[in-house]
Amino acid sequence: MNARQSKDGKPDLVTQVRQIGNALRSVYGELLDVGDLAAKYTGEAFEKRLMSRMLTAQAVRIVTGLSPEESAATVIDGDLDQGIDAIAVVEGPQPHVYLVQSKWSGKGSAKDERETVLELLAGYRLIDEENFAPFNPRGRRLAEYAKSVMDRGAVPVTQVVVLIRPDLPKEGFMQAIANGEAEFNRYGPVLDHRIILAAEVWESVRADQAPDPVVLSAELFPWFGMGSDALYESYQGIVDAEQVADWATQHGTNLFNLNNRKPLGRTSINNALISTLTEEPATFWYFNNGITVLCDRVDKAVRSVRAPQQKPLTLTLHNASVVNGAQTVRAVADAMANDNAAAEAKISVRIIVTQQAEEFASETTRATHRQNSVSDRDFITLDPVQGDIMDEMRAELGLEYEVQRSEVDLPEASGCTVVEAACALACAHVDSQYAARIALSLDPLWERGPQGAYDTLFRPRPSVYLLWNAVQVLREVQRCLLDLRKRYEGRGAALTQHGTYLLTHLVFRLLDTEAMGEPDTKLAWAEEATAKTKALVERLLPVTMAAIDELFTERSQIRALCSDADRCRDLIERVVAVMTGDEQEGRRSPDTYRRARPQRKRRRPNAVHVLVDKRVLNDGEPLMLSTAYPMEAEALRDWLAEDERRARASWVNDRTKPILWAADGEQYSPAGLIARMWELAEWAERPVANQGTARWATKSGETLADLAWRTLGALEEPEEPGQQADEEAGH
């Protein structure tokens, strides 16, 4: 169920071929003309010819550095291609012609047929003899173009043969290449060859999927540097706010690829930074720790040879990353966007040239965060395993895997975060203790060592299919529980809240998980499993509650029980036995806590006061605008689409203004912010009043109003005798 790797750390051949296929379809699917193929082939034959054509384009990209669009335009594969799949010409002071032939194999076993070389050489002879008529129309144009370049002198020509196989061709194949080169090189070296195998193609598509390296320009003054005598070349100095804002504008979150976390958006701390930048920019340097930037190499331009430090220093930083000061960068960018006064601010910058020393870069990132509020979860970003998973998610599934903490979670359809993945893996683990550990807090996920959850869940590295399938099941359980929560009361409602991970573990126990981690690009396992999940959860709730009452009495506290590994283990075995029919008398467990009729109406409490008094939400907890009101959603749709921050906010434990709006960084009451949004959106038919707490929801989808109401209900749940003493004793 874990990722398959060869001894060199790369995926095995089957995985490489699958990832190559995924990448080629994604890049070239809309770039190649396949009308001729569709007219002649169907099914596997069509797929093989299409993949061969895409592979040809990628081979051109590998040898020339052309864009995917330009590479696709060189492909002449088809009828009358005369044994050449692509003709690529590189112009410039050192022109070069490439003649490409490709052989695709979905099994990684492309044949090294001697005829492949002979056909390629025959096509080259036609071009050399200016006999273009036998080629198809595109081939004719490109052959004429190639010959016009070749006539300029001894322009090199390279035969490129790309084979989806692990090893070099046999002797007969190589002898055919040598014979052809001898024929054309009688009067000087012109023709050579290049053979590209599966591993090189795989590396090329993985490189294409990686983010472009960040190149920053920085002008420092005053400044000082540590040069050749230092362990690592480095510079420290002052830059103006406008430069930092430009970095953020040009590169976005890619600027923080090596950081533990990305900018967290409008938090109370970041708002304080922005206030200083706009109201007292001259003092910002005194109050701020500055920014640390790592880069692989640096180009330096000094303005004075005799006294360089008396003039500004201009640096170009290659493959740069801000490893400390992400919040400062974001605050500077936001302040500059709102008030030009921030341009007066100066920021301290430290630049270290690592020369691609990855271990040193990781250690620097850790060290620069030791005095700041950074959690163990943030340091997980430095684990190479997480980078490997990120790459594999893109290569296998075309999905994103967000490791760094950020102000916005990925949309569900785009991928998942490391937090969501870790929770799902904990629930899917055969040992229920990991689901129990995270019932009260997710902090145990990041504990390292033999007994820690993190190393158990991520070493050996899980396959991305196991990870993604687990996430799909967890999400479906969460959706089901959110829908079922309103049907239960008392202890039943408490189980839908505190028992999410326990119930998800039970769902995994009842599903057939044998093929859960196997490669499956169509995600058939996840589709089948999630289709069964809702019915399983609906059955599990009454069965689990009945088992809890029987094993631990009706006075046991649900919240404490769900986090107790030993009691969870006993509970799970009982529930699985009932659900699988081993205990027939339990098949019809009474649904004791299901609402039979509407509750007696009670006056609803002030939701904000409940949430603040009970500290239900942490400061900074993300909130999203609910779409539960159709008329309102329609009226605000276009306005919200203009700036995605308008639908986002975060929680502040403030009794009067607990909503910090991401769009402007100001705090509002829930109803006050909704009214303000209606006004800004110019909704002519807006109501006079609104229930703001019913319009802002947590990541689970539960609104503030429902969360407050449920919190009050949970307070009425009886506490198991002795439980408080156990908790105070640390049990």
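Up top is the structure.
I will try to describe carefully the structure that is included in this document. Model, not experiment: these values are computed from the prediction. (Residues numbered from 1 in each chain as written. Predicted model: local features only at pLDDT ≥ 70, side-chain atom pairs only at ≥ 80, totals over all residues. Heavy atoms only, no water.)

1. Points about the pairing of strand β3 (residues 157-163)
- For β3, a buried count of seven out of seven residues is recorded, marking the element as mostly surrounded by other parts of the structure.
- Of the two faces of β3, both are covered, the one formed by V157, Q159, V161 and L163 as well as the one formed by T158, V160 and V162.
- For strand β2 (residues 96-103) and β3, the ladder comprises seven bridges, and the chain directions are parallel. Across the sheet, the residue bridging to Q101 is V161, located in β3.
- Of the pairings in the sheet, the one linking β3 to strand β4 (residues 191-196) comprises six bridges and is parallel in character. Across the sheet, V157 pairs through a bridge with L191, a residue of β4.
- You can see the chain leave β3, run along helix α7 (residues 171-184) and come back into β4, and the turn it takes is right-handed. (Buried < 20%, exposed > 50% of the residue type's maximum accessible area, 1.4 Å probe, protein only. Helix = DSSP H or I, 4+ residues; strand = E, 2+ residues; numbered from the N terminus. Pairing = 2+ DSSP bridges. Right-handed = clockwise from strand over helix to strand, strands pointing away.)

2. So, the pairing of strand β15 (residues 622-625)
- Judged by which residues are buried, β15 turns out to be one-sided: L623 and L625 face inward and are buried, whereas P622 and M624, on the alternate face, are not.
- Across three bridges, the pairing between β15 and strand β16 (residues 648-651) is antiparallel. In the sheet register, L623 faces β16, and the bridge partner there is A649.
- Across two bridges, β15 lies against strand β19 (residues 696-697) in antiparallel orientation. From the neighbouring strand, M624 faces β19, where its bridge partner is A697.

3. Describing the environment of T496
- Locating T496 in the fold gives a position in helix α20 (residues 490-498).
- Every residue in contact with T496, bar those within four places of it in the chain, is listed here: L481, R485 and L541. (Contact = heavy atoms within 4.5 Å.)

4. Overview of the packing of helix α5 (residues 114-128) against helix α6 (residues 137-150)
- The geometry of α5 relative to α6 is characterised by a closest axis approach of 9 Å and an angle of 65 degrees between their N-to-C directions. Considered as vectors, α5 and α6 are oriented roughly perpendicular to each other. Where α5 crosses over α6, the handedness of that crossing is right-handed. Mapping the contact onto sequence places Y124, I127 and D128 in α5 and A143, K147 and M150 in α6.
- Residues that form the contact of α5 with α6 fall into these classes: four nonpolar, no polar and two charged. (Axes fitted to C-alpha atoms, helices over the stretch in contact; angles between N-to-C directions. Parallel < 35°, antiparallel > 145°, perpendicular 65-115°, else oblique. Left-handed = near helix turned anticlockwise from the far one by under 90°. Nonpolar A, V, L, I, M, F, W, Y, C, P; charged D, E, K, R; others polar.)

5. Topic: α7
- Taking 1.5 Å per residue as the helical rise, α7 with its 14 residues ought to reach 20 Å, and the 20 Å between its terminal C-alpha atoms agrees with that figure.
- All of the buried residues along α7 are F173, A176, I177, G180, E181 and F184. Down the axis, α7 shows its buried residues gathered within 130 degrees of arc, on one side only. Seen from the open side of α7, the exposed residues pointing more than 90 degrees away from its buried face are E171 and A182.
- Elements in contact with the buried residues of α7: α5, β3 and β4. (Expected span 1.5 Å × (residues − 1). Arc of directions from axis to C-beta.)

6. Some remarks on unusual backbone geometry
- The linkage connecting F221 with the following residue, P222, adopts the cis geometry, with an omega of -5 degrees.
- With respect to the helices and strands, the residue P222 is situated in the loop between β5 (215-220) and β6 (223-226).
- Phi at L80 takes a positive value of approximately 60 degrees, unusual for a residue other than glycine.
- The residue L80 is located in the loop between α4 (68-72) and β1 (86-90) in this model.
- The backbone of L523 sits at a positive phi, close to 55 degrees, despite the residue not being glycine.
- Mapped onto the fold, L523 is located in the loop between α21 (500-510) and α22 (524-552).
- Of the residues examined, L523 reaches a relative accessible area of 23% and is grouped as partly exposed.

7. Some details on the packing of helix α3 (residues 43-64) against helix α8 (residues 198-209)
- Remark: α3 packs on α8, axes separated minimally by 11 Å, with the N-to-C direction vectors making an angle of 75 degrees. Taken together, α3 and α8 sit at an angle that is classed as roughly perpendicular. Where α3 abuts α8, its residues L55, Q58, R61 and I62 lie against E200, V201, S204, V205 and D208.
- Split by residue class, the contact of α3 with α8 holds four nonpolar, two polar and three charged.

8. Comments concerning the sheet that holds strand β11 (residues 321-324)
- Spatially, five strands are ordered β6-β7-β12-β8-β11 in an open sheet, and the strand pairing comes out mixed. Of all strands in the sheet, those bounded by a partner on one side alone are β6 and β11. Strand-to-strand twist across the sheet, computed as the mean angle between neighbouring axes with direction ignored, equals 30 degrees.
- Relative to β11, strand β8 (residues 291-295) runs antiparallel, the two sharing three bridges. If you follow T292 over to β11, its bridge partner there is N324.
- Set on the sheet, helix α12 (residues 326-338) makes contact with β8, β11 and β12 (346-353); between it and β11 the angle comes to about 115 degrees.

9. Description of the environment of V471
- Along the polypeptide, V471 turns up in helix α19 (residues 464-485).
- On the accessibility criterion, V471 (0% relative accessible area) is buried.
- Sequence separation between V471 and L425 is 46 residues; the distance between their C-alpha atoms is 7.8 Å.
- The contacts of V471, once residues within four sequence positions are left out, are C416, E420, A421 and A424.

10. Some thoughts on the packing of aromatic side chains
- For the coordinates displayed, the defined rule picks out six aromatic pairs.
- Between W678 and W683, the ring centres sit 5.3 Å apart and the planes meet at 85 degrees, which makes this aromatic pair edge-to-face. W683 carries the same exposure label as W678, and that label is buried.
- Taken together through their ring pairs, the aromatic side chains of W639, W661 and Y668 make up a single cluster.
- Positioned above the aromatic ring of F552, the side-chain terminus of R567 is 5.7 Å from the ring centre.
- Lying across the ring of Y629, R695 places its NZ or CZ 4.0 Å from the centre. (Phe/Tyr/Trp six-rings, centres within 6.5 Å; stacked < 30°, edge-to-face > 60°. Lys NZ or Arg CZ within 6 Å of the ring centre and 35° of its normal.)

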